[in-house]
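# Structural characterization, general
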Amino acid sequence: MSNIFCKLFLGVMIFSFITIACKKSKNSAIVTLSPEESTQFYKSVLADLSANVIVNTYNDLKDKSIIFYFNCKTFSLSPTASNLNICKQNWKDVRSAWEQAEGFLFGPVVIDNVDPRIDTWPVNFVRIDSVLNSSAIYDSTYIASLEDGLKGFHPIEYLLFGANGLKNETQFTAREKDLLISLSLNLNYLCGDLYSKWDITKPNSYHNYLSHAGNNNNAIFPNLKSAYDQILDAMISICDEVPNGKIAEPFNAQNPALEESPFAKNSLVDFTNNIKSVQNIYLGAYAYTDGKGLEDVIKQGNLSMDGVIKQKLSAALTSLNNISIPFGLAISQQQTQIQNTITTINDLKNYLETTVKPYVQSLVQ
Amino acid sequence: MCKAWYNNIIFIFCVLFLCFCRKAEEIKNEDDLNDWYSGGKQTVFINGSNAFSQSFNGMSELKLQQHEIGDKGFAAVFNSDPNQLNYGLGPIFNNVSCGSCHIGDGRGKAPNIGEPLSSLLLRISSGNDINNGPQDAQGFGGQLQQRAILGTNAECIITVNYTENAFQFADGETYSLRTPVYTLNNPYTTLPAGYLISARMATPVFGLGLLEAISETDILKNADELDVNGDGISGKANYGYNVIENKKQLGRFGWKAAMPTIIQQSAGAYNQDMGVTNFIFPIESSYGQPQYTLSNGKKDLADSTLSAVAFYIKTLAVPGRRDANNEEVKKGKNIFKQIGCAKCHIQTFITQTNMTSPETSNQRIFPYTDMLVHDMGNGLADNRNDYNATGNEWRTSPLWGIGLTNIVNGHNNFLHDGRARNFIEAIMWHSGEADATKNNFKNLSKTERDAVIKFLNSL
């Protein structure tokens, strides 16, 4: 009896230990890795993050821009209200992918000067009207020769939505439809080029440099630290630009003409997607893909920091969501919410800059 | 008591003696230690694509704010009139923002065959006056603008082709050098007879505040125009024109060291590269052309913006070295000195004391330039004089940060027109005064050449 009791007691103890140990293991990501294991782990995070977030975002951008281009052609042939609405929604879809790519503005998008060619604002109405009133043929050479402010998202936005945002299908001239098609083709070309430079299947793609950081002869990222610095600098950079540039400039000047996407009234969505881009990098997730992200590096040794980052990301997104009217109006009518958003996103930026980056640098060599 | 006091004195003396011994040891290695800090206290250890875009350390809140305003100005994309923001582009121009040429505050990229020029431009002239500089080419001014706003003609469309020539090192390994050939297509009017052109690549803009802070005396110490010391190197000072102070002044910036100050360099780029007029250069680059009448005659750039952008450039820190203690890097550095590279690529200067600019004052810096122009041989010559600099002469390029070019700019195109595609090609293009040094490099073993390249990559 006593022996059975002892065995039973021992069994319960072992079961309890295993259960607690497993539970502990599941709830706490703090693990100790050897230096070799750590290096492999940090590389695997970069590879996941690059493939699942960056490459997938650019792939999405490319695919959506193709759909947009073909639907612009369809609208040109069949200028119905329904087809126009499809184009308008397509523009917002492409825009969503692009803004979610702004949390990693490094590599080909910078080196090849894509950003100014794709996303310059405010729109120069007068010059666009000159383009429309000219007899120029809108071929790729002509579009490429235009100054940067006359191509990319915002001139297209102006053509699609009109200066008041209420343009309907009957208000399009043949020249406007021609220019719309050519500009959307140019947009598609630039988006496709970006994806191509990150394409996982190409040996010299930027993905291969990032995901193999620290390998011998890696000319772009000679060590892991340079890759992690790059990622964090890009996150910090967009968390600086949104509150201190995109929001503050029209807000301080009280000039809605300086806002990013005024015609589609899409500026708040743009800003939200910028912060989501930072969140995507942090979580290692984009749309339906998910893998390791920066959070896995942080959680490995500092769960409380992980919690703070997520809280600050959430606060930033909530502050944007609290602005309940279009941004162009909010700069004068919801100044408290605007100021709160500036403060909250700057708080996220400062935390990334002064706490998270040094912490990651202390881990990754 | 007296003995205890005596013992205490002896103890303190010993401690002080040991401290001084330690100090002496540190001083002995000071050069090696400082070598990591390329920009003195204005060195940053950032290795990513932002490596060239960091502000000076230790600036006041007010100066940081000014730097940030300048940063935004540097990135601002200009539009043609009328526009809400950043207006005044053109009517003829090369690019739309400072940052479009100096990507990541770094180096421009050479166009491939068939590609339009983006961060490379062509100067044009009909002659030179050592007091007033290159003389404008009739109808084209001093620079070819290959883009134009609507309703205006670009001055011409520039295309580039390259011819390749293969060579061998002493050990038999081959290398190839490409020579660019520029064609000026569809000029808006007839090009003047005997015009001269010079290709100029956008240069990195970090560390310029420190280069501006080197005293004229220290730069001139290395000048030896007549090669009095007989070492085959005859560094020469170029003197450009300071437009603000209305006088000739030692040139420091640009490929031929013809530009005396950062603010004038910036103002000139706004005017010539973007067609953006400003208080230093208020006349449109299209002056003298029929399309000049399209200019509205107003100054496009606020004085405060120009000042802020110049301040931004002045206060960009220098990236620190990587792997400076690596044995192969140290070996490469020694070879670099032994074969003669360091005769022109002077390793170090101490900036002058300046109470109004404590950030740049009295700093031991390691720019690897002498800020002088040298005869680089016929292969690199543009055959176009620029103030005192002849067609064969080019300023010794600073080498600090050069190992991060590929990371920041995605290429390793070097020299004034970006013809070199890597360090080897850049070295092997050296000629003229650098002929002996180039040949020394040519005769090195593969291992030694690799060590020199590794050293350059560590800068």
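What counts and what doesn't
- Residues numbered from 1 in each chain as written.
- Chains lettered and ligands numbered in written order.
- Predicted model: local features only at pLDDT ≥ 70, side-chain atom pairs only at ≥ 80, totals over all residues.
- Heavy atoms only, no water.
- Helix = DSSP H or I, 4+ residues; strand = E, 2+ residues; numbered from the N terminus.
- Buried < 20%, exposed > 50% of the residue type's maximum accessible area, 1.4 Å probe, protein only.
- Contact = heavy atoms within 4.5 Å.
- Lys, Arg positive; Asp, Glu negative; His and termini not counted.
- Charge placed at Lys NZ, Arg CZ, Asp CG, Glu CD.
- Phe/Tyr/Trp six-rings, centres within 6.5 Å; stacked < 30°, edge-to-face > 60°.
- Lys NZ or Arg CZ within 6 Å of the ring centre and 35° of its normal.
- Axes fitted to C-alpha atoms, helices over the stretch in contact; angles between N-to-C directions.
- Parallel < 35°, antiparallel > 145°, perpendicular 65-115°, else oblique.
- Left-handed = near helix turned anticlockwise from the far one by under 90°.
- Nonpolar A, V, L, I, M, F, W, Y, C, P; charged D, E, K, R; others polar.
- Buried area = accessible area lost by both parts, 1.4 Å probe.
- Salt bridge = Lys/Arg side-chain N within 4 Å of Asp/Glu carboxyl O.
- Polar contact = N/O pair within 3.5 Å; in protein donor to acceptor, adjacent residues only side chain to side chain.
- Expected span 1.5 Å × (residues − 1).
- Pairing = 2+ DSSP bridges.
- Core = buried A, V, L, I, M, F, W, Y, C linked by side-chain atoms within 4.5 Å.
- pLDDT = per-residue confidence, 0-100.

Counting its secondary structure elements, chain B contains 13 helices and 17 strands. With the C-alpha coordinates aligned to their principal axes, the bounding extent of chain B is approximately 100 × 60 × 40 Å. By the burial criterion, 54% of the 459 residues in chain B qualify as buried. For chain B, the proportion of contacts with a sequence separation of at least 24, taken over those separated by at least 6, is 67%. The average position of the 39 basic charges and that of the 45 acidic charges among the side chains of chain B differ by 4 Å.

Right, let's get into the packing of aromatic side chains. Applying the stated rule across the entire model yields 31 aromatic pairs over all chains. With a centroid separation of 5.8 Å and an interplanar angle of 70 degrees, the aromatic rings of Tyr368(B) and Phe455(B) are classed as edge-to-face. Linking Tyr368(B) in the loop between β15 (364–365) and β16 (373–375) with Phe455(B) in helix α13 (residues 446–458), this pair joins segments that are 87 residues apart in sequence. Exposure class is identical for Tyr368(B) and Phe455(B). Each is buried. One cation-aromatic arrangement involves Arg95(A) over Phe153(A); the distance from NZ or CZ to the ring centre is 4.9 Å. For the cation-ring pair, Lys256(B) lies above Trp394(B), with the distance from its terminal atom to the ring centre recorded as 4.2 Å.

With that out of the way, let us pick up the packing of helix α3 (residues 81–99) of chain A against helix α8 (residues 153–161) of chain A. Residue and element names in this part refer to chain A. Put simply, α3 and α8 touch, their axes get as near as 10 Å, and they point 160 degrees apart. One element, α3, and the other, α8, form an angle in the roughly antiparallel class. Along this stretch, α3 crosses α8, giving a crossing that reads as left-handed. On the side of α3, the interface is formed by Leu84, Cys87, Lys88, Trp91, Lys92, Val94, Arg95 and Trp98, while α8 contributes Phe153, His154, Ile156, Glu157, Leu160 and Phe161. For the contact of α3 with α8, a count of residues per class yields nine nonpolar, one polar and four charged.

Attention shifts here to the interface of chain A and chain B. Each partner contributes residues to the interface: chain A has 39 residues there, and chain B has 32 residues. Counting each side, the surface lost to burial between chain A and chain B is near 2,600 Å², with a carbon and sulfur contribution of 50%. Seen at the junction of chain A and chain B, the total is one salt bridge. Between Arg147(B) and Asp148(A) there is a salt bridge; the shortest N-O distance is 3.6 Å. There are eight residue pairs in polar contact (both at pLDDT 80 or more) connecting chain A and chain B.

Bringing the environment of Leu159(A) into the picture now. Residue and element names in this part refer to chain A. Of note, Leu159 is situated in helix α8. Expressed as a C-alpha distance, the spacing of Leu159 and Ser182, which sit 23 residues apart in the sequence, is 12 Å. Beyond its immediate chain neighbours, meaning those up to four positions away, Leu159 contacts Leu132, Lys167, Phe172, Glu176, Leu179, Leu180 and Leu183.

What follows concerns the side chain of Arg395(B). All names here are of chain B. Mapped onto the elements of the fold, Arg395 is located in strand β17 (residues 393–395). Although buried, Arg395 forms no salt bridge, and the nearest oppositely charged side chain, Asp370, lies 7.5 Å from it. A polar contact of 2.5 Å, which involves the side chain of Arg395, links it to the backbone oxygen of Arg252. With residues near it in sequence (within four places) discarded, Arg395 still touches Arg252, Phe253, Gly254, Trp255, Lys256, Ala257, Met371, Leu372 and Val373.

This part takes up helix α12 (residues 267–283) of chain A. All names here are of chain A. The end-to-end C-alpha separation of α12 is 24 Å, in line with the 24 Å expected for 17 residues at 1.5 Å each. Counting buried residues in α12 gives 13 out of 17 residues, a clear majority hidden from the surface. Immediately beyond the C-terminal end of α12, within one or two residues, lies Gly284, with a positive phi of roughly 75 degrees.

With that settled, consider the sheet that holds strand β3 (residues 120–125) of chain B. Residue and element names in this part refer to chain B. The strand order across the open sheet formed by three strands is β6-β3-β10, and the pairing between neighbours is antiparallel. Each edge of the open sheet carries a strand with a single partner, namely β6 (143–144) and β10 (196–201). As judged from the two bridges shared by β3 and β6, these two strands associate in the antiparallel manner. Within β6, the position partnered with Leu122 by the bridge is Leu144.

Before going further, it helps to examine the pattern of salt bridges. All names here are of chain A. Summed over all chains, the structure comprises 39 salt bridges over all chains. Between Lys246 and Glu102 there is a salt bridge, with the nearest N and O atoms lying 2.7 Å from each other. One end of the pair, Lys246, is in helix α11 (residues 224–253); the other, Glu102, is in the loop between α3 and α4 (108–111), with 144 residues separating them in the sequence. Side by side, Lys246 and Glu102 carry an identical accessibility label, which is buried.

Below, the discussion takes up α11(A). All names here are of chain A. Between the first and last C-alpha of α11 there are 42 Å, a value that for 30 residues agrees with the 44 Å anticipated at 1.5 Å per step. Among the 30 residues in α11, 23 count as buried, and that is most of the element. Two residues or fewer past α11, Gln254 is found with a positive phi of approximately 50 degrees.

With 106 residues, the main nonpolar core has Tyr58(A), Phe106(A) and Tyr228(A) as its most contacted residues. Ignoring any residue separated from it by four or fewer positions in sequence, one finds Phe106(A) in contact with Ile54(A), Trp198(A), Tyr206(A), Leu210(A), Phe221(A), Gln230(A), Ile231(A), Ala234(A) and Ser49(B). Grouped together as the second largest cluster of nonpolar side chains are 51 residues, Leu208(B), Leu210(B), Val309(B) and Phe349(B) included.

Right, let's get into unusual backbone geometry. Here Trp121(A) and Pro122(A) are connected by a cis peptide whose omega angle stands at 0 degrees. Among the secondary structure elements, Pro122(A) is positioned in the loop between α5 (114–118) and α6 (125–133). With omega at 15 degrees, the peptide bond leading from Gly90(B) into Pro91(B) counts as cis. Backbone geometry at Tyr368(B) places phi at a positive 55 degrees, although glycine is not the residue there.

With that out of the way, let us pick up the pairing of β3(B). Residues and elements named next belong to chain B. Counting buried residues in β3 gives five out of six residues, a clear majority hidden from the surface. As paired elements, β3 and β10 share six bridges and run antiparallel to each other. Residue pairing for β10: Arg123 is matched across the bridge by Ser198.

Before going further, it helps to spend a moment on the environment of Val55(A). Residues and elements named next belong to chain A. Mapped onto the secondary structure, Val55 falls in helix α2 (residues 35–77). For Val55, a relative accessible area of 3% translates into the label buried. Residues Val55 and Tyr359 lie 304 residues apart in sequence; the distance between their C-alpha atoms is 26 Å. In this view, Val55 contacts Ser50, Tyr195, Trp198, Ile200 and His207; residues no more than four positions away in its chain are not counted.

Within chain A, residue pLDDT values average 90, and 92% of them lie at 70 or more. Contacts for the low-pLDDT stretch residues 12–28 of chain A, under 50 throughout, to residues beyond four places or in other chains number one contact.

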